[in-house]
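# Secondary and tertiary structure notes
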Amino acid sequence: MNRRNDVLLVDGYNIIGAWPELEKLKELDLEDARDKLLDMLADYQGFTGMQVYVVFDAHQVPGLGSTFKQHKLTIVYTKEKETADECIERLCNELIARRRNLYVATSDLVEQHVAFGKGALRISARELLIDIGQNRKAIEQSIREEKPQKRNSVDQNISLDVWSKLERLRRGEK
């Protein structure tokens, strides 16, 4: 299935709380959990070709919010007094107008229903984790199946006369 024009909106902290590995990591260091999520999603984006937006709640932090690129992902920190859910709804409205398949990854049932109402398809945190795992296995299998490339060395493609001249040059002879 070609997903090159599809968009995936990810509720960052919701996914971190829903995936056991990231939930454990969050208990030690939230930033490490965030970085691990972004690494996993960057691999997923690279393999599927989807455009991935990761939205993090910053509604308790004063400021205008910010959007930036990391690993070619689009990372969005919400504006002051804006929740990740509200930001995802706003992005749904903007992106659905571009006639793309739009997916929202969250385990928040209310957010899933709202996204579905906007025309987006919903993916639970569990479904996304399974999909990422399957993609990782497919990548590993394709790497194992690649045949070693035959060396394209010069000595197979040049005459003995040219080879002799090159060898003399290499030795510094005239």
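The structure this text deals with has already been given above.
The notes below deal with the structure included here.

From N to C terminus, the protein chain includes seven helices and six strands. Secondary structure elements of the protein chain occur, N-terminal to C-terminal, as β-α-α-α-β-β-β-α-β-α-β-α-α. Residue burial in the protein chain is summarised as follows: out of 174 residues, 34% are buried. For the protein chain, the exposed area adds up to about 11,500 Å²; of that, 51% sits on carbon and sulfur atoms.

This next bit is on the pairing of strand β1 (residues 7-11). Burial runs high along β1: five of the five residues are buried. Looking at chain direction, β1 and strand β2 (residues 51-56) are connected through five bridges and run parallel. Bridge assignment links Val7 to a residue of β2, and that residue is Gln51. Looking at chain direction, β1 and strand β5 (residues 102-105) are connected through four bridges and run parallel. Within β5, the position partnered with Leu9 by the bridge is Val104.

Moving on: the side chain of Asn135. Relative to the elements of secondary structure, Asn135 occurs in helix α6 (residues 125-145). Looking at Asn135, the relative accessible area reads 12%, which means it is buried. Look past the residues within four positions of Asn135 in its chain and what remains in contact with it is Tyr44, Phe47 and Thr48.

Another aspect to go through is a negative patch on the surface. Judged by side-chain charge, Asp29, Glu31, Asp32, Asp35, Asp39 and Asp43 come together as a negatively charged surface patch. Relative to the assigned elements, Asp43 resides in helix α3 (residues 30-48).

Quick notes on the rules
Per chain, the residues get numbers from 1 upward, laid out in the order the sequence is written. Under the rules for a predicted model, residues below a pLDDT of 70 receive no local features and side-chain atom pairs below 80 are neither given nor counted, while totals for whole chains, interfaces and linings still include all residues. Side-chain metrics rest on all non-hydrogen atoms present in the structure, leaving aside hydrogens and water. The secondary structure listing takes helices from DSSP runs of H or I that are at least 4 residues long and strands from runs of E that are at least 2 residues long, numbered from the N terminus. The buried label goes to any residue with under 20% of its type's maximum accessible area, the exposed label to any with over 50%, and the partly exposed label to all in between, with areas taken from a 1.4 Å probe on protein chains only. Method for areas: the Shrake-Rupley scheme with a 1.4 Å probe, in which residue coverage is limited to the protein chains shown. For two strands to be treated as a pair, DSSP must find at least two bridges joining them. Residue contacts are counted whenever heavy atoms from the two residues lie within 4.5 Å of one another. Patch membership requires over 30% relative accessible area and the absence of a salt bridge. Like charges are linked within 9 Å, and nonpolar side chains (Val, Leu, Ile, Met, Phe, Trp, Tyr) within 5 Å. Should a side-chain nitrogen of Lys or Arg be within 4 Å of a carboxyl oxygen of Asp or Glu, the pair is scored as a salt bridge. The charged-residue count follows a simple rule in which Lys and Arg add positive charge and Asp and Glu add negative charge, with His and chain termini not counted at all. Charge coordinates come from a single atom per side chain, which is NZ of Lys, CZ of Arg, CG of Asp or CD of Glu.

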